[in-house]
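What follows is the residue order along each chain.
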Number of protein chains: 2
Amino acid sequence: MKRETMDPVAIIEAKRDGRQLSSAEIDFVIRGYTRGDISDYQMTALLMAICFRGMDPDETLALTRSMITSGEKIEFRGLPALPVDKHSTGGVGDKITLSLVPLVAACGVPVPMLSGRSLRHSGGTLDKLESIPGFRTDLSLEEYRRGVESIGAVIMGQTEELAPADRKMYALRDATGTVPCLPLIIGSILSKKVAGGAKALVLDVKCGLGAFMPELEKARALGRSLKGTGVVLGLQVSGFITNMDQPIGRFVGNALEVREAIEVLQGQGPPDATELTLTLGAEMLLLGGVVSSREDGRQRIHQAIESGAGRQKLKDIIENQGGDPNVADNPDLLPRADKIHEFDSPETGFVAGWNARLVGLASMRLGAGRLHRAHTPDPAVGIELLRKVGDSVDKGETVARVHYRDRGRLNTALQLFSEAFSITPARPKPPPLIIEEI
Amino acid sequence: MKRETMDPVAIIEAKRDGRQLSSAEIDFVIRGYTRGDISDYQMTALLMAICFRGMDPDETLALTRSMITSGEKIEFRGLPALPVDKHSTGGVGDKITLSLVPLVAACGVPVPMLSGRSLRHSGGTLDKLESIPGFRTDLSLEEYRRGVESIGAVIMGQTEELAPADRKMYALRDATGTVPCLPLIIGSILSKKVAGGAKALVLDVKCGLGAFMPELEKARALGRSLKGTGVVLGLQVSGFITNMDQPIGRFVGNALEVREAIEVLQGQGPPDATELTLTLGAEMLLLGGVVSSREDGRQRIHQAIESGAGRQKLKDIIENQGGDPNVADNPDLLPRADKIHEFDSPETGFVAGWNARLVGLASMRLGAGRLHRAHTPDPAVGIELLRKVGDSVDKGETVARVHYRDRGRLNTALQLFSEAFSITPARPKPPPLIIEEI
């Protein structure tokens, strides 16, 4: 179809009927939608048709390219190593970015990171960071560039200039039931990363009860497709499929997770959060070219914890983005909920599960997340798990503490929360944290 | 799901994932959309999901009921017989309404008819009627009621008050590639008919090259489903699947088709248009209860042609709707194109086909239809077929005449038109006009 004769309805019908779209057709739609020439409802029709018909690798690549060129593309100058980003597909208690970024930057690999907000049961890095008094996630593109070039890392939200097609499409997908769709997920993730100036990308594809793609097969398909498309776009891509059956670490909630990330930077973090930080950090150093093996990478990240260099880098990042860097030394400066409810085990045995999705929904109901898009998350509330899968518990022993502000919300959250917890008489084998390489 | 907790996204996701929607969910969406509480893009997401997942008979019924109750419902008073409507699924050269309605009304069965406009290759009764000088298709609801109660027939467009959900949804479907979808087609047709006060409905489901559902199996499914849903809604429904491989009659185009309908009313119409008028007319008289057999029905329609009662009723209808009734006696009062192009057969043989879809598209390109929604159809232009399938032709003999205004448009139309025509050395057997009963 020639561009001058292109008709959005004909393109929708083609995808609806299972025909492959050409790069020109995809580009026509993405450009038209970004400019406002193609309506929200025509875009929705195409998105839903893509949910049913899918996109082949060529179409996915064309989609991602059009989304990248819908806005500006950052090129950093004078960096000491390749800029490397990390992307997690979203989970519960996933505060890894907050310890990982300063450690990797402290080891000399720049991290230009465009993060997201909480979505349903899943937390959002920007919401977590905003619990630090004064912290700004809405830097200008120029501040972003300067931050990465001078401090070595920025963690902020997408700007108007970077992949505007993605911004607009994402808001639409959230309102139209078109979120869980592989090519659309790939276009969204990769367009932001490439436009934001990353040259390599480490993936943490979550799988399990609290992941957006709970099944291993789907997580694998997502990982493979992200890697394949990313490589054609000139990105170095590697990463892991990791378990998201139970929340990561002990804390779920905005300020609570910042606190726990600082514990990781102090060498006092819980085993799973520390292990993920080491694994993903080593991979980022490898892709960034400052180490030649994963083992060396782990060693370097470990040293940056021991030496306090990571915690110092976090302070630099916070200060650069207008926040109070003293929280990195004194986490009590973070907001705290004034009330705590203790959740006791109804039986003696072993923790069999903390359903991450239900724990995440409970935290959202407490106010930590967004029930509707207009909600502002409460930085202080959240959940603290004192026992995790495989730990022994006695009947009546406190296994979790709920940090709350409002009793009504507590009660709603507790209904979900008590469903999330399960106990078993025999010690279960906790699932492996790192499932496989992508 | 309780109404107060209903969430449009959850309903979209349910249909997307293949779950049945409850009547309450369907009603929530249709009411919300009609009021403007649910956006065009959320409605589009649901419509496209329905295109892929379908609707079972309960859902289709609930959809149709909600669409009916989205507006007013007409109840006629003091009618001499049951009000009967006819619905054709759309074709090329299908001017049957224009001869059928006056004949059936002349035989004592009231016809309250809400008609449509041309859509792609298919013509529209309203566009045809508006080629009659002064003819109004935008009567008020009160004028509609009075016209049916006094004259026995009105042919007009849908008003704001009748099935407003359908009006809004139809415009959206046309722009989003969600037109060819069985439950949506059924909801659209039946909601208008029931809201418009019809108590019985005769269907003319088209099948073949120029139909919106070209395959017999799909036409059958549409017919069965229309009948099944209509009967549950309290309508009497019967009808036929009829052939739409070649255009009906000799003329395609607005004023040209009015002229041909008048010929049918004068007893001088082409065999196929006359036969369809007799068959559908007899069925309407039977459902209306004024005859007790199809044979009696045909006889009565035939008499109304012979006596001139049908033509007189057409004059009453035209006069009641503000048009010039003299056109029924003197069709030269209708607009005429000033130029005629003669299309000659390139070979000697027999006409094997006039692809109805291509002829319809050619007529649209001449200006008789709508390339874009904003176009106003030209009443005068169109196509005249001098030979039809099975007729013998000599090389160089004129087989069609193209009535045109603009040479550029003629050339575009001729490309389609010459593709529409095919010739064969042996006399082909024309396909049966009436394929089967529904």
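Remember, it's a predicted structure, so these values are computed and weren't measured experimentally.

**Considerations on the overall build of chain A**
Of regular secondary structure, chain A possesses 16 helices and 13 strands. In terms of overall dimensions, chain A is globule-like: its C-alpha atoms have a radius of gyration of 22 Å, near the 22 Å expected for 438 residues. Projected onto the principal axes, the alpha-carbon positions of chain A cover approximately 70 × 45 × 35 Å. Going through the 438 residues of chain A one by one, you find that 60% of them count as buried. For chain A, the accessible surface area stands at approximately 16600 Å², while carbon and sulfur atoms represent 48% of it. Looking at charge distribution, chain A has the averaged site of its 53 positive side-chain charges lying 2 Å from that of its 56 negative ones.

**Structural notes on the sheet that holds strand 4 (residues 200-207) of chain A**
Residue and element names in this part refer to chain A. Read across the sheet, four strands follow the order 1-4-5-13 without closing on themselves; strand pairing throughout is mixed. Since the sheet does not close on itself, it has two edges, and those belong to strand 1 (84-88) and strand 13 (434-437), each with one partner. On average, adjacent strands in this sheet sit at an angle of 20 degrees to one another, irrespective of strand direction. Where strand 5 (residues 236-243) and strand 13 come together, three bridges link them in antiparallel fashion. From the neighbouring strand, F240 faces strand 13, where its bridge partner is E437. Helix-sheet contacts for helix 12 (residues 271-288) involve strand 1, strand 4, strand 5 and strand 13, and the interaxial angle to strand 4 is about 155 degrees.

**Remarks on the confidence of the model for chain A**
Residues at a pLDDT of 70 or more form 99% of chain A, whose mean pLDDT is 95. Both scores are given for the predicted complex: the pTM is 0.88, the ipTM 0.86.

**Description of the pattern of salt bridges**
Pairing between side chains of opposite charge can happen when their charged atoms approach one another. A full pass over the atoms with the stated rule returns 70 salt bridges over all chains. One salt bridge connects E217 of chain A with R220 of chain A, and the closest N-O pair in it is separated by 2.9 Å. Residue E217 of chain A and its partner R220 of chain A are located together in helix 10 (residues 216-232), separated by three residues, close to a single helical turn. Residue R136 of chain B pairs with D138 of chain B through a salt bridge whose shortest N-O separation is 3.4 Å. Take R136 of chain B: its relative accessible area is 33%, and that puts it in the partly exposed class. Counted as one network, the salt bridges with shared partners bring together R117, D127, E130 and R370 of chain A.

**Details of the relation of the copies chain A and chain B**
For the pair of chain copies, the relating operation is a rotation around an axis with a shift along it. With an RMSD of 0.1 Å, the fit of chain A onto chain B corresponds to turning through 179 degrees and sliding 0.1 Å along the axis. Each copy turns onto its partner about a two-fold axis. Closest to the rotation axis within chain A is the C-alpha of Y41 of chain A, separated from it by 2.1 Å. A high fraction, 100%, of the interface residues of chain A reappear at the interface in chain B, so the copies pair face to face through one surface.

**What about the pairing of strand 8 (residues 349-354) of chain A?**
The side chains of a regular strand alternate, first on one face of the sheet and then on the other. Residue and element names in this part refer to chain A. Taken across its six residues, strand 8 has five buried, putting it largely inside the fold. Sheet topology note: the strand 8/strand 10 (residues 392-393) ladder contains two bridges and is antiparallel. The residue bridging F350 from the neighbouring strand is S392, located in strand 10. Relative to strand 12 (residues 421-424), strand 8 runs antiparallel, the two sharing four bridges. Opposite F350, over in strand 12, you have T424 as the bridge partner.

**Remarks on the state of the cysteines**
For the structure shown, the criterion picks out zero disulfides over all chains. There is no disulfide at C207 of chain A, and the cysteine sulfur nearest it, in C181 of chain A, is 19 Å away. With no disulfide partner, C181 of chain B has as its closest neighbouring cysteine sulfur the one in C51 of chain B, 4.0 Å distant.

**Details of the interface of chain A and chain B**
The interface is formed by 21 residues belonging to chain A together with 21 residues belonging to chain B. In total, chain A and chain B occlude about 1700 Å² of area from one another, counting both sides; carbon and sulfur atoms represent 72% of this. The largest per-residue losses of area from chain A upon contact with chain B belong to R16, Y41 and F52 of chain A, which jointly make up 36% of the total buried on that side. Applying the counting criterion to the chain A and chain B interface returns two salt bridges. Counting residues per element, the side of chain A that touches chain B draws most heavily on helix 3 (residues 40-53) of chain A, which supplies nine residues.

**Observations concerning the pairing of strand 2 (residues 111-114) of chain A**
Residue and element names in this part refer to chain A. Burial along strand 2 is two-sided: V111 and M113 and P112 and L114, pointing in opposite directions, are all buried. The pairing of strand 2 with strand 3 (residues 153-156) spans four bridges and is classified as parallel. Pairing of L114 across the sheet is with M156, part of strand 3.

Conventions we followed
Residues numbered from 1 in each chain as written. Chains lettered and ligands numbered in written order. Predicted model: local features only at pLDDT ≥ 70, side-chain atom pairs only at ≥ 80, totals over all residues. Heavy atoms only, no water. Helix = DSSP H or I, 4+ residues; strand = E, 2+ residues; numbered from the N terminus. Rg over C-alpha atoms; globule rule 2.2 N^0.38 Å. Buried < 20%, exposed > 50% of the residue type's maximum accessible area, 1.4 Å probe, protein only. Areas by Shrake-Rupley, 256 points an atom, 1.4 Å probe, with all protein chains shown as cover. Lys, Arg positive; Asp, Glu negative; His and termini not counted. Charge placed at Lys NZ, Arg CZ, Asp CG, Glu CD. Pairing = 2+ DSSP bridges. Axes fitted to C-alpha atoms, helices over the stretch in contact; angles between N-to-C directions. Contact = heavy atoms within 4.5 Å. pLDDT = per-residue confidence, 0-100. Salt bridge = Lys/Arg side-chain N within 4 Å of Asp/Glu carboxyl O. Least-squares fit on C-alpha atoms with pLDDT ≥ 70 in both. Disulfide = S-S within 2.5 Å. Buried area = accessible area lost by both parts, 1.4 Å probe.

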